[in-house]
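Summary of the model geometry
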Amino acid sequence: MPGLEDLYREIILDHYRNPRNRGELEVPPAHRAEGFNPLCGDEIVVFLDLDDAGTVTDIRIGGTGCSISQSSASMMSAAVKGKTVAEVEDLTKAFKAMMSVHESSLDAEGESGEEIPDEAALAAFEEVKLGDLEALRGVVKFPVRIKCATLAWNTLAQGISEAQESA
Amino acid sequence: MTFDAQKVRADFPILEREVKGRRLVFLDSAASSQKPTSVLEAMSTYYETINANVHRGVYEIAEAATNAMEGARIRVGRFIGAPRPATEVIFTKNATESLNLVARSWGAANLGPGDAVLITQLEHHANIVPWFQLQAEKGFEIRWIPLTADAQLDLTDLPRLLDGVKVVALTAMSNVTGTLTPVREITAAAHDAGAIVVLDACQYVPHLPTDVANLGVDFAAFSGHKMLGPTGIGVLWGREELLDAMPPFLGGGGMILDVRLDGFTPAELPAKFEAGTPPIAETIGLHAAIDYLEGLGMEAVREHEVTLTAHAMRTLTERLGDKLTIHGPAEPAARGGVLSMAVDGIHPHDLSQVMDEHAVCVRPGHHCAKPLMKVLGVGATARASFYVYNDTDDVDALAEALADAASFFSF
């Protein structure tokens, strides 16, 4: 049975207490994207500066949420700053692979057992270095919280795609 | 007679189980209640002895099934004080469908540009979104009844707000703050202004003695699964003259008197609003749930919940001090057994996660009342709600779990 220590790793609590890149950027030139978690009402705002070469030159995070969504957003902001859009996309895929539960674990009896991470999806991106983000691996054992962890990432992806469309 | 929660608990098999090696402390009945053995048995007895589709077959068990379902209709009607149970009680799949039925049938036939729908800021999305959906087609105005600081309805401006209003969408009790609303007062004012009242009674019918005729409302919606009954069964009660004049909502089998090559004629009440095979076993389960509740006595149920709520508000405040906020009315008698809690600096999702380690089931989130969340100035709350099987041990476990969660995240 997964315990709380699997979910609330010290590094997660650190990012929750001391969120990185918290704030806003001027729009324009920055792009602003909003994401909602319809289950819990959490809201994430991502402000994004992209240069002509497609590099994330700056990022800020606003909104409110639980420790998982806020720490994931904080770690994400630190991880993607200075990266190209292509690198961010790889990182996003790797992170979401880590957050995906293999379908077979949903098929099991009602008792909440071990969730089985989707190894095939993970393997496809194992060369991508997740760094601090690895700390969120335990979230997959608490399936309801997966959406908390991926909220910032989905919002970032939306922001990048809107930024590219408007370029 | 004092209320014996221990005796009640013994009737609910799920409460015997342990979760994480602890006694299951179920405090989420406002979302869905647990079911007593009598409800489970009534449903399986139906399947084992008289399972057949209703209103069609002439064979014995089909007649028995029809009688059982129609008996449930009468039982439901009497339980809520419906003047004409046989025609005024419509079975739906849940209260959400009941409210959509009113909007799509009465609303579509009676609302247009220049009209207004008045909604309270306490409402659940189920009594908001159907009106927005209809507004997009019919172009009427939507107005809101605001709240006081302790989440009660602020009626100072009611006469002005009611001007031109045809529908008042009103909850009898908030699923977030437990606020009980002055239904009779608002209904009287609404009727004077020429408006009907659509009552969301989901949190009221399971917990307080209900008499729709006395409340004076025009429609009332509630769900079986929040009142010890099964999921998949909702109720719409409406005044007969209104239901009679309304067009059908869903079309199909069972709701027609005649179908021809050039059209159809709808059936009489209540069949007009019950297209397709109804949730037969669920009506029988709901009947058994009402028998169970009436066995306890709804006055006694209400008294038990007020006592428990008062005890919980006192215990939690003593334990958590200023760090704890309980949204809504401070006076237990002004509210139902629903406590929406906030602890300084800790997100409700995190609170609830730690409480789960104590096998304490509370619900984090916006509780499908986002406009209310905005008024309260929060994104979410952690909600504990009480019912007949909860006791002071559950309150103690709640206080313990909440204190543990608060210390887990204190930094």
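Everything here concerns the structure above.
Just so it is clear, the model here is predicted, and its values are computed rather than measured.

Before going further, it helps to spend a moment on the overall build of chain B. Along its length, chain B carries 15 helices and 17 strands. Here chain B has a C-alpha radius of gyration of 22 Å; the compact-globule value for 411 residues is 22 Å, and the two agree. Along the longest, intermediate and shortest principal axes, the C-alpha atoms of chain B span 75 × 55 × 35 Å. A burial count over chain B gives 57% of its 411 residues as buried. Considering only contacts in chain B between residues 6 or more positions apart, those separated by 24 or more positions represent 71%. Of the roughly 15,800 Å² of accessible surface on chain B, a fraction of 52% belongs to carbon and sulfur atoms. The distance from the centre of the 32 positive side-chain charges to the centre of the 51 negative ones in chain B is 3 Å.

Residues and elements named next belong to chain B. Pairing is mixed across the open sheet formed by 7 strands, whose spatial order is β4-β10-β9-β8-β7-β5-β6. Of all strands in the sheet, those with a lone pairing partner are β4 (89-92) and β6 (141-145), marking the two edges. In this sheet, adjacent strand axes meet at a mean angle of 20° when their direction is disregarded. Helix α8 (residues 183-192) contacts β7 (165-171) and β8 (196-200) of the sheet and is inclined by roughly 175° relative to β7.

Residue and element names in this part refer to chain B. The buried count for strand β9 (residues 219-223) comes to 5 of 5 residues, which makes it a mostly enclosed element. In β9, alternate side chains face the same way, and those of Phe219, Ala221 and Ser223 on one face and Ala220 and Phe222 on the other are all buried. Pairing of β8 with β9, which is carried by 3 bridges, proceeds in the parallel orientation. Bridge assignment links Leu199 to a residue of β9, and that residue is Ala220.

A few words on unusual backbone geometry. The phi torsion of most residues other than glycine is negative, and most of the peptide bonds are trans. All names here are of chain A. In this model, Val27 is joined to Pro28 through a cis peptide bond whose omega is -25°. Structurally, the position occupied by Pro28 is in the loop between α2 (10-17) and β1 (31-36). Residue Pro29 is bonded to the preceding Pro28 through a cis peptide linkage, with omega at 10°. You can see Pro29 is positioned in the loop between α2 and β1.

About the cut-offs
- Residues numbered from 1 in each chain as written.
- Chains lettered and ligands numbered in written order.
- Predicted model: local features only at pLDDT ≥ 70, side-chain atom pairs only at ≥ 80, totals over all residues.
- Heavy atoms only, no water.
- Helix = DSSP H or I, 4+ residues; strand = E, 2+ residues; numbered from the N terminus.
- Rg over C-alpha atoms; globule rule 2.2 N^0.38 Å.
- Buried < 20%, exposed > 50% of the residue type's maximum accessible area, 1.4 Å probe, protein only.
- Contact = heavy atoms within 4.5 Å.
- Areas by Shrake-Rupley, 256 points an atom, 1.4 Å probe, with all protein chains shown as cover.
- Lys, Arg positive; Asp, Glu negative; His and termini not counted.
- Charge placed at Lys NZ, Arg CZ, Asp CG, Glu CD.
- Pairing = 2+ DSSP bridges.
- Axes fitted to C-alpha atoms, helices over the stretch in contact; angles between N-to-C directions.

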